[in-house]
Amino acid sequence: MKSTGVRRGGTSAEVGCALSRPVPWRWKDAFRRPVGIRRDGRRVVRPGSATGECDRRAHGDRGAADAYDGVRSHPERRMRLSKSRFTAGLQCARLLWWRVHEPDAPELAPDETRQAVFDQGHRVGAAARARFPGGVLIDLPHDAFEQRVTATRAAMDGGAPAIFEASFVADDTFVAVDALERRPGGWRLVEVKSSTRVKTQHLQDVAVQVHVVRGSGVPVESAEVMHVNRACTYPDLSDLFARVPVLPEVERILPGVPGRLRAQLAMLGGDLPTVAIGLHCEEPYPCPFQGRCWPEWPADHVRRLYFVGKRSWELAANGYTSIDRLPDGMTLHPAAERQRRALRLGRRIVEPTLAVALERLVGPLAVIDFETVSPAIPVWDGCHPYDPVPAQFSCHAQEADGAWTHHHWLANDTADPRPELIRRLADACRGARTILAYYAPFEAGVLAQAALAFPKLHDPVQSILDRIVDAHPLVRDHVYDPGFNGSFSLKAVLPVLVPGLGYDDLPIAEGQAASRHIERMLFGDPPPHGAERRALRDALRRYCERDTLGVVRLVETLRTLAAGAAGPV
DNA sequence: GCATCAATTTCCAATTGGTA
DNA sequence: TACCAATTGGAAATTGATGC
């Protein structure tokens, strides 16, 4: 919900910046229209309200279109839009233009993480089909439009109770409906989503399908979003899906669909359009072409302000582009305030409070890290869709003499990994008085859930939870280095505070990639074998080990910094 | 994609303050 | 005293950052 900037019960919030007495800065003050009305009736212009550089940059065409004149000069193909193109076009005209005119753009090739999301979606889609007995799949090549439409008609005429990938064309737009279900009074259109709830963008998705299906002469009497149901608990998968009727909401959107389709087709007939960058670059989905439209944000740009989120767009639009030029009265998150000070000083800030915070870390220490798998369709007892289940851990544990020993375990088959993992982890942490994890709520949550599923594991889990401490606030609440670029994630912090200990040298360098590889190793069809499997397991071990070693070195660095900060400045 | 936690914002009702 | 606007404070909802 977007803030209107006006509170209930009065209009005076509209004139806040010009009140005669000082008022505390509120975030929304930065976002109101650049021109306000003072209580005395005079117009005021807020500072920095001239055309923002943000807008000027947005016009920064890179001439990419020129390279594709050849594509554009081809004779017009009649069928230009599809369901996914339509929704892309709703997000941004440039995104749609590039998708159509430059389909082989490297930005459009899914990276490992996006591919994993798509794969998960395909598995969910296949499971959804099993919920429609007797359904017929239109199993033809993706781009065989005419044959698919013909096959769909044949299936409808042949009395199929449900048709998967039911294909239709109208208004130069092709859609393939996930499931079209025969009903007494017509047909029910079902859109399958691997999300756990209906989202607003799903409604547009359904709307364009209803428009095209009805435009093909097929009566659509209801429409549903069929999404994954988090309440479902393995082994009972009978309620894996929830089905939500959405036709009333969709009917409200439908009148606008033909105009949007026409506008998109007209836009595609022209040159690359100009669109200002903004929030739509990130919502509802991060645009793969950000690299073409966005400048390289300087270290002091408000885009890099910690905890700023989408407000950065409004700040920039109102002329506030530099963090150190934000008004002094603007209250920031304490870490963002420290970031602003560090940028103004041009150096790292270490608060004297760091030493106090480090006193909590009573040795011997252990540092732990998990890698998890979160299948949309649960596979182990007591699990719900997307529950993260630990399948690998790394632990650096301090011996009595202060030396570090590394412990590690990685699942190797489809058995539930939790009992074995927790037994080994409890062993590894036996001598530790403090157990550190970076962003410990994640590890703690995963452990607590395992104890719920396996009551026998309660005691070892509780013993770990009693000693666990989060390393993340040690950095966020006490240290800022301009090299952090507004992030306190381990991947942002470690290369700055522990130079030389990054992730660049590792074949697997990121948690989501690790998760995807573990899933492939355990459930792949076929799973990797032989040398490939050994290499994969080695890469996973090295990644997880780097995370815990990183926290070990990080704590050492923090102790050195704290000792320096405690002395005379 | 999802979950969690903490921070922030919004909402709503109660209270306070000013004016007629 | 009645009324309205402004302020306050707590609850609920949303957002942002982090993890996978």
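Since the structure is predicted, the reported quantities are computational estimates derived from the model, not experimental observations.

Asks: Please clarify how the packing of helix H14 (residues 418-428) against helix H16 (residues 458-467) should be interpreted in this entry.
Replies: Two quantities define a packed helix pair, namely the angle between the helix axes and the distance between the axes. Between H14 and H16, whose axes approach to 10 Å, the crossing angle comes to 45 degrees. When the axis of H14 is compared with that of H16, the two are oblique. H16 is crossed by H14, and the crossing has left-handed handedness. Listed contacts from H16 to Ile422, Leu425 and Ala426 of H14 are Pro460, Val461 and Ile464.

Asks: Explain the environment of Lys456 to me, please; I cannot follow it from the model alone.
Replies: In this fold, Lys456 is placed in the loop between helix H15 (440-453) and H16. The exposure class of Lys456 is exposed, given its relative accessible area of 81%. Placed 102 residues apart in sequence, Lys456 and Leu354 show a C-alpha to C-alpha distance of 39 Å.

Asks: Is there a simple way to explain the side chain of Ser515 in this structure?
Replies: Structurally, Ser515 can be placed in helix H19 (residues 511-523). By relative accessible area, Ser515 is classed as buried at 16%. Engagement of the side chain of Ser515 in a polar contact is seen with the backbone oxygen of Thr372, the distance being 2.9 Å. Ignoring any residue separated from it by four or fewer positions in sequence, one finds Ser515 in contact with Thr372 and Val373.

Asks: Mind showing me how you'd approach empty space enclosed by the protein here?
Replies: Empty space left among the atoms is revealed by rolling a probe the size of a water molecule over them. Going through the model one piece at a time under the given rule, you end up with two cavities of 30 Å³ or more. In this structure, the largest cavity encloses a volume near 100 Å³. Taken together, 14 residues line the largest cavity, and the ones lying closest to its centre are Cys92, His280, Cys281, Cys287 and Cys293. Mapped by element, the contributors of at least two residues to the lining of the largest cavity are helix H4 (93-101) and helix H10 (290-293). Broken down by element, the residue count for the lining of the largest cavity peaks at three residues, all from H4. Looking at the lining of the largest cavity, its residues break down into ten nonpolar, three polar and one charged. Estimates place the volume of the second largest cavity at around 40 Å³. In terms of lining residues, the second largest cavity is bounded by Cys383, Asp387, Pro388, Val389, Pro390, Arg418, Val446, Gln449 and Ala450. Sorting the residues of the lining of the second largest cavity by element identifies strand S12 (389-398) and H15 as the ones contributing at least two each. Broken down by element, the lining of the second largest cavity gets its largest block of residues, three residues, from H15.

Rules used throughout
- Residues numbered from 1 in each chain as written.
- Chains lettered and ligands numbered in written order.
- Predicted model: local features only at pLDDT ≥ 70, side-chain atom pairs only at ≥ 80, totals over all residues.
- Heavy atoms only, no water.
- Axes fitted to C-alpha atoms, helices over the stretch in contact; angles between N-to-C directions.
- Helix = DSSP H or I, 4+ residues; strand = E, 2+ residues; numbered from the N terminus.
- Parallel < 35°, antiparallel > 145°, perpendicular 65-115°, else oblique.
- Left-handed = near helix turned anticlockwise from the far one by under 90°.
- Contact = heavy atoms within 4.5 Å.
- Buried < 20%, exposed > 50% of the residue type's maximum accessible area, 1.4 Å probe, protein only.
- Polar contact = N/O pair within 3.5 Å; in protein donor to acceptor, adjacent residues only side chain to side chain.
- 1 Å grid on protein atoms, 1.4 Å probe; cavity = no way out; pocket = protein on both sides within 12 Å on 5 of 7 lines; lining within 4 Å.
- Points joined across faces, edges and corners; volume = space filled by probe spheres on them.
- Nonpolar A, V, L, I, M, F, W, Y, C, P; charged D, E, K, R; others polar.

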